[in-house]
Amino acid sequence: MAFWNSLWPGRETQFESGNAATNSIVLTRRHATVSLTKQGALSGNLRVNLSWRMRTSDIGGRSRQSGRLLRPFKLFQPEAVQAHTQGMVNVDLDLGCMYELADGTRGVVQPLGNLLGDLNGPPYIRLSGDDRFGAPSGETLYVNLDQREHIKRLLFFVYIYDQTPAFDRTHAKVTLYPGNGPRIEIELDERAPQARSCAVLTVENVKDELIVRREVKFVYGFQSELDRMYGFGMQWGRGYKSRA
């Protein structure tokens, strides 16, 4: 039965709390939280990475998938890697983080506006750069957990800069790499064709315990709408990027 189950990619798995083979914890609706404190991941830098690629249905269309179902043993043959087409390049996913510090300071770290943050001073969060084309390395935010007592809560979010709704055409994943313990993965796997932003996860300091919670809430607006949902109370204005 295990062999035939592997031939049907749409078949639901019964276990989704983690993957021992890859040393990872997968957060889902059913298993939505994990404690960094209990994982022993309270020092060094927490690396939060966004990676994404186009869904295979956009690359090859339905004909490729149906052809592989007619010849199931083709599933075990690797596909040739195709470069991004012009249509794919137009999809630009960005990673950002709204923060509230223990002293009440609130703000955002994101590519838009070149708000890259600071790792060694407030807000103790730093963005590595802006990936506009879905490169394998993606975009990465670093959080200085050695200064965790200054952090009250963080909201990590993803938005589409060019205002073209395309979450249904991308396969995006946010991965947390603590300084110690397994990595934590969150898939943006829910179809939301018209959404432009997504609240992916929160990190909250609850009685000196850092709790990661999966959110994956899609909205039709941008940062200001996410702000209203989570009550940061910041003022927002329209921003633009320089040409690549």
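Presented here is an overview of the structure given in this document. Since this is a predicted model, take the numbers as computed values, not measurements. (Residues numbered from 1 in each chain as written. Predicted model: local features only at pLDDT ≥ 70, side-chain atom pairs only at ≥ 80, totals over all residues. Heavy atoms only, no water.)

### Things to note about the pattern of salt bridges
Put simply, the rule reads: Any carboxyl oxygen of Asp or Glu within 4 Å of a side-chain nitrogen of Lys or Arg constitutes a salt bridge here. The helix and strand labels rest on DSSP assignments: H or I over at least four residues marks a helix, E over at least two residues marks a strand, and numbering proceeds from the N terminus. Each residue's exposure class comes from its accessible area (1.4 Å probe, protein chains only) as a fraction of the maximum for that residue type: buried when under 20%, exposed when over 50%, partly exposed otherwise.
Counted according to the given criterion, the structure contains 5 salt bridges. Where lysine 152 meets glutamate 100, a salt bridge forms, and the shortest distance between an N and an O atom there is 3.5 Å. Of this pair, lysine 152 sits in strand 10 (residues 151-160) while glutamate 100 sits in strand 5 (residues 93-101); the two residues are 52 residues apart in sequence, bridging distant segments of the chain. Owing to a relative accessible area of 43%, lysine 152 belongs among the partly exposed residues under this scheme.

### Some words on helix 4 (residues 223-230)
The line we're drawing: Read the arc as the range of directions from the helix axis to the C-beta atoms. Residue contacts are defined here by distance: any two heavy atoms, one from each residue, within 4.5 Å place the two residues in contact.
Within helix 4 the residues assigned to the buried category are Gln223, Leu226, Asp227 and Tyr230. Down the axis, helix 4 shows its buried residues gathered within 105° of arc, on one side only. Buried residues in helix 4 make contact with strand 5, strand 10, strand 13 (197-206) and strand 14 (209-219). One or two positions beyond helix 4, positive phi appears at glycine 231, with a value near 70°.

### Focus: the nonpolar core
Stated formally: In this description, a nonpolar core means a group of buried Ala, Val, Leu, Ile, Met, Phe, Trp, Tyr and Cys residues linked to one another through side-chain atoms lying within 4.5 Å.
Core analysis: the largest hydrophobic core is formed by 42 residues, its most contacted members being Leu141, Leu154, Phe156, Val158, Val174 and Leu201. Ala199, Val219, Phe232 and Met234 belong to the second-largest nonpolar core, a separate cluster that totals 12 residues.

### Some remarks on the pairing of strand 14
Successive residues of a regular strand alternate their side chains across the two faces of the sheet. Selection criterion: By the convention used here, strands pair only if DSSP detects at least 2 bridges between them.
Note: strand 3 (residues 33-35) against strand 14, 3 bridges, orientation antiparallel. Its bridge partner being in strand 14, serine 35 is matched across the sheet by isoleucine 211. Linking strand 13 back to strand 14 in an antiparallel pair, the connection comprises 2 residues, with lysine 207 at a positive phi of about 50°.

### Overview of the sheet that holds strand 3
Within a sheet, adjacent strands bond to each other through the backbone by hydrogen bonds, running parallel or antiparallel. The test is simple: Axis angles are defined between N-to-C directions and span 0 to 180 degrees, where every axis is a line fitted to C-alpha atoms and, for a helix, only to the segment in contact.
Across the sheet, which stays open at both edges, the 6 strands sit in the order 3-14-13-10-5-6 with antiparallel pairing between neighbours. Every other strand in the sheet has two partners, leaving strand 3 and strand 6 (106-109) as the edge strands with one partner each. In this sheet, adjacent strand axes meet at a mean angle of 20° when their direction is disregarded. Pairing of strand 10 with strand 13 involves 7 bridges; the strand directions are antiparallel. Counted as the bridge partner of arginine 153 is glutamate 204 from strand 13. Packed onto the sheet, helix 4 meets strand 5, strand 10, strand 13 and strand 14 and runs at close to 130° relative to strand 14.

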